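So you can see what is in the structure, the chains are spelled out below.
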Amino acid sequence: MSKIRVRFPPSPTGNLHVGNARTALFNYLFCKHNEGTFVFRIEDTDRERSRDEYIQNEIDAMKWMGIQWDEGIEIGGQHGPYKQSERMSLYQEHIQRLLDTQHAYVCFCSAEQVEMDREEARTNSLPPRYSGRCRNLPQSEVKTRIANGEPYVIRFKLPDQNDVQVTDLIRGTKFFPVSSLDDFIIVRTDGMPTYNLAVTVDDALMEITHIIRGEDHFFGNTPRQVLLYEALGYPVPIFAHMPMILGDDKTKLSKRHGAFAITEYGNMGFLPEAFVNYMAFLGWSPKTEEEFFTLDELIQRFEVTNVNTSPAIFDYEKLKWYNAHYLRQKSCEDLFKIAQEDLIAKGFLTNEKDKTFYLQALAHMKDYIVLTTDIVNYIESIDAYNGIQPDRIPEIQTPEMIELLPALIRHFSVDEKWSPDFVLNAIRNAGKESKVKGKHLWMPLRLIMTNEDQGPEIYLVIYLMGKEKVLDILKALLSKI
RNA sequence: GGCGCCAUAGAACAACGGUUAGUUCGGGGGGCUCUCAAUCCCCAGAUAGGAGUUCAACUCUCCUUGGCGCUACCA
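Treat the numbers as computed from the prediction; the structure is a model and nothing was measured.

Some words on the domain arrangement of chain A
- Considered domain by domain, chain A is made up of domain 1 (87–242), domain 2 (255–329) and domain 3 (332–478).
- The C-alpha centroid of domain 2 is placed 36 Å from the C-alpha centroid of domain 1.
- Domain 1 puts five residues into the contact, and the matching count from domain 2 is five residues.
- Taking both partners together, domain 1 and domain 2 bury about 440 Å²; carbon and sulfur atoms supply 72% of that area.

Laid out in C-alpha cells, this is it:
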C-alpha cells in the first residue's frame, strides 16, 4: 500500500472551532497511526470572507493541540503553494482541460434566472436542478457572447451514468444517483473557482489518499468531487465522513452554544491534553473502558473504522472533569509554570522567596483545581486577602464569636513552629475553650479568613497566610465587633 | 418539498444474534468528626414505537415516528 496522505483544509472565515478541531485531530490520528503525511492547507477562495488573522488563529490552535503537520502553510513542502489563492494557475489549467474534454461548458444564465427555475421546480415538487439551458450552445455563439462581455460561469457537465460510487471507511460503500445532482458551477462569474473544483484539484495534485471530514459534506459534495476526479482522470481517494458535533440543544455547534475558538479554551483554563483526550471520545472509542489517553496513545489506538456514525453532543462538564484529572497529574513545579505568567501579570511573584511559597501553596491546593485559572484565583485569595468585607461582618457577629476570637488569637500566638498541624490544633483548642464546634466553628472562621463560603481546607489556608498576617486580620476584626 | 444520515439513561461510549444491558460524566444520598474539590460506598435512570426473520433480537430486515444535515456563483 502506498503511503497515506491526509489533509486538513480549513477556510479562514472564522477562528478554528470545535468541529474543525475534531476533524483535524481525527485526520492526524489516522495519519500518524498509519505513518502517513499530514498536509495543512488553507482554503481561501472566498475572497470576501477570508482574513489573515483567521489563518493565524488556525495555526495557533493546531499548535496548541499539539497537531504537527508535515507539509503546508508556514512550513511549505513538495506540493505547494498551500493557500488556494496562490494556486489559481493550477485551477485554470484544469478548468481548461475540463472544457477541452467536454466535461464542462460555459453558461450565461444569470443567477436570478437559475433561481427562478429552481423555484418553479420546487413548486412542482421536483428536485431544484439547473435546467441545462446552456449545455449545448454552439461554440461560435459562446465565443461571440464572451467577446461581447456577457458575464458567464462554467458548469460541470454531468456524465451520462447512473450513479457515483463513494468508498467511505465509516459508512461503507455508497452509490449516489447522478440524477440527484445537476450541472454544478465550477467557476464563478468573477472567474474564481468554486470550492468543489478547488478542493478536488488540490487533493488530486497533493496526492491525498484519504479524506476525513464532517458528515455535512457526505451528501452534497462528495459525489460531485468524485465525478470531478473521474473527469480529470485522477485516482479517487477514500473517504471517511465523521458524525457531527452538536450543541446541547442538538443542533449544529455554533457561536450561540459558546463554541469558542479553540485558542480560547486555553485562556479559559483548559489543558491541551485534556481537550484532545475529550475530543477524541466525541465519536470514537477504543472499544474498551479506558478513558485516559495522551496524544501518542491515541495515535497508537486510533482506528477510523471504530468511529461512530451517530452525532455527539459536546459536554462542557466532562471536558472539565478531564481537565481536573490532568491538572492533578501535574507536579507543583509544572502547575507553577502554567500559572507563572498570570501571577506576574497580577503583581504577585516578585522574588525567589515567593516561588517557594507558591509551590507550597500549590501542593496543598492541587486537588481543588479544575481550571488552570483557578491557580491564580486561589493564590490571590490567600495572598491579597485583607480581611472580611464589612457587609458580611453581621453574619459572624454572634456571642460565641466574641469569645472565640480572642481564644484563636491566643492559641495562634503560642510560640511554636507554624505548621499545618499546629494551626489545626490551635483551631480545635480555641473551639473547645469557647464551646463551639462543627459548622459553628469552621464556617465563620472560613468566612473571616476568606470572605467566601467555600474553598480549600481552611486550616491550610490559614497556615499558608502565615502567622503574622493571620493575627493582623483577627486583631483588626476583634476591634470591629 | 426532495434526498441523505442517525436513534442504548440528561451526556459520551460498551455489550460474537444467547443469563440480571456494562463503564464514565452529570444528578441524588452517605462516609472522610466545616464547605467545595478529591477519594470511597450506595441510589435513580436506557435499548423510540410497530411488524418480520429466529429456539433466541440492543444487535439482522422493513415500516412509522423523531432528531439532525444537505438541497449556493459559502466552504
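Still more to cover.
Focus: the sheet that holds strand 5 (residues 153–156)
- Read across the sheet, three strands follow the order 4-5-8 without closing on themselves; strand pairing throughout is antiparallel. Edge strands, defined here as strands with exactly one partner in the open sheet, are strand 4 (104–107) and strand 8 (185–187). Strand-to-strand, the axes of this sheet are offset by a mean angle of 40°, without reference to chain direction.
- Bridge count for strand 5 against strand 8 is two bridges, and the pairing is antiparallel. When the bridges of strand 8 are listed, Arg 155 appears paired with Ile 185.
- Relative to the sheet, helix 3 (residues 88–100) contacts strand 4, strand 5 and strand 8, its axis offset from that of strand 4 by approximately 95°.

Observations regarding the pairing of strand 9 (residues 210–214)
- With five of five residues buried, strand 9 is to be regarded as a mostly interior element.
- In this sheet, strand 10 (residues 238–242) lies alongside strand 9 in parallel orientation, the contact comprising five bridges. The partner of Arg 213 across the bridge, within strand 10, is His 241.
- In this region the chain leaves strand 9, passes through helix 7 (residues 221–232) and returns to the parallel neighbour strand 10; the handedness of that crossover is right-handed.

Quick notes on helix 17 (residues 420–434)
- Between its terminal C-alpha atoms helix 17 stretches 21 Å, which fits the 21 Å expected from 15 residues at 1.5 Å a residue.
- Turning to helix 17, its buried residues are Phe 422, Val 423, Leu 424, Ala 426, Ile 427, Ala 430, Gly 431 and Ser 434.
- On its buried face, helix 17 sits against helix 16 (399–413), helix 18 (439–450) and helix 19 (458–465).
- Lys 435, located one to two residues past helix 17, shows a positive phi value of around 55°.

A word on the nonpolar core
- With 111 residues, the main nonpolar core has Phe 38, Phe 412, Met 449 and Ile 462 as its most contacted residues.
- A per-element tally of this core places helix 1 (residues 18–33) first, with nine residues.
- Contact partners of Ile 462, with chain neighbours within four places excluded, come to Phe 412, Trp 418, Val 423, Ile 427, Leu 445, Met 449 and Val 470.
- In this structure, Ile 95, Tyr 105, Met 206 and Leu 228 belong to the second largest nonpolar core, which totals 44 residues.

A short note on the protein's contact with RNA strand B
- Close contacts around RNA strand B come from 58 residues, with Arg 188, Thr 189, Gly 283, Lys 287 and Lys 318 the closest.
- In RNA strand B, atoms within 4 Å of the protein come 70% from sugar and phosphate.
- Here Glu 43 contributes a side-chain N or O atom positioned 2.8 Å from a sugar or linking oxygen of RNA strand B.
- In this structure, Asp 46 approaches RNA strand B through a side-chain N or O atom, which is 2.8 Å from a sugar or linking oxygen.
- Listing elements by their share of the surface near RNA strand B, those giving two or more residues are helix 4 (111–123), strand 12 (312–313), helix 11 (316–329) and helix 18.
- Considering every element that reaches the surface near RNA strand B, the biggest residue donor is helix 11, with four residues.
- For the surface near RNA strand B, a count of residues per class yields 19 nonpolar, 16 polar and 23 charged.

Describing the environment of Arg 171
- In this structure, Arg 171 sits in the loop between strand 6 (163–168) and strand 7 (172–177).
- With 52 residues separating them along the chain, Arg 171 and Glu 119 place their C-alpha atoms 33 Å apart.
- Residue contacts for Arg 171: discarding those within four places in its chain leaves Glu 215, Phe 218, His 241, Met 242, Pro 243 and Thr 309.
- A distance of 3.0 Å separates a polar side-chain atom of Arg 171 from the backbone oxygen of His 241.

Notes on the confidence of the model for chain A
- When pLDDT is averaged along chain A, the result is 87; 97% of the residues meet or exceed 70.
- As scored by the predictor, the complex reaches a pTM of 0.90 and an ipTM of 0.92.

Focus: the environment of Gln 360
- Topologically, Gln 360 is positioned in helix 13 (residues 352–365).
- Sequence separation of Gln 360 and Glu 53 is 307 residues, and the distance between their C-alpha atoms is 41 Å.
- Ignoring any residue separated from it by four or fewer positions in sequence, one finds Gln 360 in contact with Tyr 463 and Leu 464.

Section: the side chain of Thr 23
- Structurally, Thr 23 is set in helix 1.
- What makes Thr 23 buried here is its relative accessible area of 14%.
- When neighbours within four sequence positions are excluded, Thr 23 is seen to be in contact with Phe 8, Ile 212, Arg 213 and Met 242.

What to know about the packing of aromatic side chains
- Applying the stated criterion to the full structure yields 25 aromatic pairs.
- Centre to centre, the rings of Tyr 265 and Phe 275 are 5.0 Å apart; their planes meet at 40°, and the pair counts as tilted. Here Tyr 265 is found in helix 8 (residues 262–267), whereas its partner Phe 275 is found in helix 9 (residues 272–280), with ten residues between them in sequence.
- Taken together through their ring pairs, the aromatic side chains of Trp 64, Tyr 265, Phe 270, Phe 275, Tyr 278, Phe 292, Phe 314, Tyr 316, Trp 321, Tyr 322 and Tyr 326 make up a single cluster.
- The cationic tip of Arg 22 hangs over the ring face of Phe 26; the distance from NZ or CZ to the ring centre is 5.2 Å.
- Here the basic side chain of Arg 171 rests over the ring of Phe 218, its NZ or CZ set 5.6 Å away from the ring centre.

Thresholds, definitions, all that
- Residues numbered from 1 in each chain as written.
- Chains lettered and ligands numbered in written order.
- Predicted model: local features only at pLDDT ≥ 70, side-chain atom pairs only at ≥ 80, totals over all residues.
- Heavy atoms only, no water.
- Domains from an automatic or database assignment.
- Contact = heavy atoms within 4.5 Å.
- Buried area = accessible area lost by both parts, 1.4 Å probe.
- Pairing = 2+ DSSP bridges.
- Helix = DSSP H or I, 4+ residues; strand = E, 2+ residues; numbered from the N terminus.
- Axes fitted to C-alpha atoms, helices over the stretch in contact; angles between N-to-C directions.
- Buried < 20%, exposed > 50% of the residue type's maximum accessible area, 1.4 Å probe, protein only.
- Right-handed = clockwise from strand over helix to strand, strands pointing away.
- Expected span 1.5 Å × (residues − 1).
- Core = buried A, V, L, I, M, F, W, Y, C linked by side-chain atoms within 4.5 Å.
- Near = heavy atom within 4 Å.
- Polar contact = N/O pair within 3.5 Å; in protein donor to acceptor, adjacent residues only side chain to side chain.
- Nonpolar A, V, L, I, M, F, W, Y, C, P; charged D, E, K, R; others polar.
- pLDDT = per-residue confidence, 0-100.
- Phe/Tyr/Trp six-rings, centres within 6.5 Å; stacked < 30°, edge-to-face > 60°.
- Lys NZ or Arg CZ within 6 Å of the ring centre and 35° of its normal.

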